[in-house]
Amino acid sequence: MAVELETERLLLRPWRETDLEPFAELCADSEVMRYFPAVLSREESKALIERAVMKTRDDGFCFQPVEEKASGRFLGFVGLSRPVWDLPFTPCVEIGWRLARTAWGQGFASEAARTWLRFGYETLGLAEIVSFTAVQNTPSQAVMRRIGMRRDEADDFDHPQIGEGHPLRPHVLYRLSRTDWMRSLAAPG
Ligand SMILES: CC(C)(COP(=O)(O)OP(=O)(O)OC[C@H]1O[C@@H](n2cnc3c(N)ncnc32)[C@H](O)[C@@H]1OP(=O)(O)O)[C@@H](O)C(=O)NCCC(=O)NCCS
């Protein structure tokens, strides 16, 4: 069963067939996909949704749609996922996000991510959640820091799916333990 969560402004809901159109559109946007090796075709976006639905069946969670409550608009996805590649820090659970350009700069990614963190620590009982991205992807790293994650440069790694010499190959890893998350909730301000 897919997870259904709610934040002040957002619904974090299961995938629907009608999500394909707006999702394929945002994955075909070169600005949204700037820090990925390529934009996605409609078929690739469809396959990504299908994989997310299958992983939800297997793991109980995966990247899921973000819908703006006020407008009913599909904004993109945020969620938790077990990476399928062999990376220096796997097995692990990562948190990730991809929103349409029109949804940037409004705090939506951080708002959804905070609720997914709570789900990960409180409902799944995870001890740690990580996030990783290309070194150049500063907007994504800003979300990581905003939700309390921290980078240790000793964890930096080259993504094995990206060819040697490609500028997007060097990646950073951010981590947040349940203990630090609980501490951050208790901290004033
Ligand atoms: C990464 C990504 C989700 C970040 O989106 P974002 O909108 O910058 O992040 P947030 O949701 O945390 O929003 C924060 C911004 O909203 C602003 N904001 C406006 N209203 C706000 C509100 N009510 N509450 C909180 N923040 C608000 C903040 O001031 C901040 O602006 P700033 O960046 O100018 O400082 C987005 O750039 C994206 O989808 N990129 C493409 C996909 C991608 O690279 N994904 C990551 C791959 S690893």
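Our subject in this report is the structure included herewith. Just so we're clear, the structure is a prediction, and the values are computed from it rather than from any experiment.

About the criteria used
- Residues numbered from 1 in each chain as written.
- Predicted model: local features only at pLDDT ≥ 70, side-chain atom pairs only at ≥ 80, totals over all residues.
- Core = buried A, V, L, I, M, F, W, Y, C linked by C-beta atoms within 7 Å.
- Buried ≥ 20, exposed ≤ 12 C-beta atoms within 10 Å, placed from the backbone.
- Helix = DSSP H or I, 4+ residues; strand = E, 2+ residues; numbered from the N terminus.
- Contact = placed C-beta atoms within 7 Å.
- Expected span 1.5 Å × (residues − 1).
- Arc of directions from axis to C-beta.
- Near = placed C-beta within 6 Å.
- Nonpolar A, V, L, I, M, F, W, Y, C, P; charged D, E, K, R; others polar.
- Pairing = 2+ DSSP bridges.
- Axes fitted to C-alpha atoms, helices over the stretch in contact; angles between N-to-C directions.
- Parallel < 35°, antiparallel > 145°, perpendicular 65-115°, else oblique.
- Left-handed = near helix turned anticlockwise from the far one by under 90°.

Observations concerning the nonpolar core
(1) Moving on: Core analysis: the biggest nonpolar cluster contains 40 residues, and Val66, Val78, Ala112 and Ala113 have the highest contact counts within it.
(2) Moving on: It is helix H3 (residues 108–123) that provides the largest number of residues to this core, a total of seven residues.
(3) Moving on: Other than its neighbours up to four places away in sequence, Val78 contacts Leu12, Phe63, Val66, Trp97, Ala109, Ala112, Ala113 and Trp116.

Notes on helix H2 (residues 42–59)
(1) Moving on: Its 18 residues give H2 an end-to-end C-alpha distance of 25 Å, which sits within 8% of 26 Å, the value for a rise of 1.5 Å per residue.
(2) Moving on: Buried within H2 we find Ser45, Ile49, Ala52 and Thr56. In an axial view of H2, the angular spread of the buried residues amounts to 55°, which keeps them on one side of the axis. Exposed and facing more than 90 degrees away from the buried side of H2 are Glu43, Ala47, Glu50, Met54, Arg57 and Asp58.
(3) Moving on: Here the buried face of H2 lies against helix H1 (20–27) and strand E3 (63–68).
(4) Moving on: At the exit of H2 stands Gly60, carrying a positive phi of roughly 90°.

Quick look at the site of the ligand
(1) Moving on: Lining the immediate environment of the ligand, one finds 20 residues, of which Gly107, Ala109, Ser110, Thr133 and Pro139 sit closest.
(2) Moving on: Ranked by residues supplied to the shell around the ligand, first place goes to helix H4 (residues 138–146) with five residues.
(3) Moving on: Tallied by class, the residues present in the shell around the ligand amount to 10 nonpolar, eight polar and two charged.

Things to note about the pairing of strand E5 (residues 94–99)
Both faces of the sheet carry side chains from a regular strand, because those side chains alternate between them.
(1) Moving on: Across the six residues that make up E5, a large majority, five, are buried.
(2) Moving on: One ladder, built from six bridges, connects strand E4 (residues 74–81) with E5; its direction is antiparallel. Note on E5: the bridge partner recorded for Val78 is Trp97.

Overview of the packing of H1 against H2
(1) Moving on: The N-to-C vectors of H1 and H2 enclose an angle of 120°; their axes lie 9 Å apart at closest approach. Judged on the interaxial angle alone, H2 and H1 are oblique. For the pair H1 and H2, the crossing hand works out as right-handed. Facing Leu20, Phe23, Ala24 and Cys27 of H1, the residues of H2 in contact are Arg42, Ser45, Lys46 and Ile49.

Some points on the pairing of strand E6 (residues 128–134)
(1) Moving on: Buried residues dominate E6, accounting for five of its seven residues.
(2) Moving on: Relative to strand E9 (residues 170–177), E6 runs antiparallel, the two being bridged by seven bridges. When the sheet's bridge partners are listed, Ser131 is paired in E9 with Tyr174.

Notes on the environment of Lys46
(1) Moving on: Within the element layout of this structure, Lys46 appears in helix H2.
(2) Moving on: Considered as a pair, Lys46 and Val143 are 97 residues apart in the sequence and their alpha carbons are 26 Å apart.

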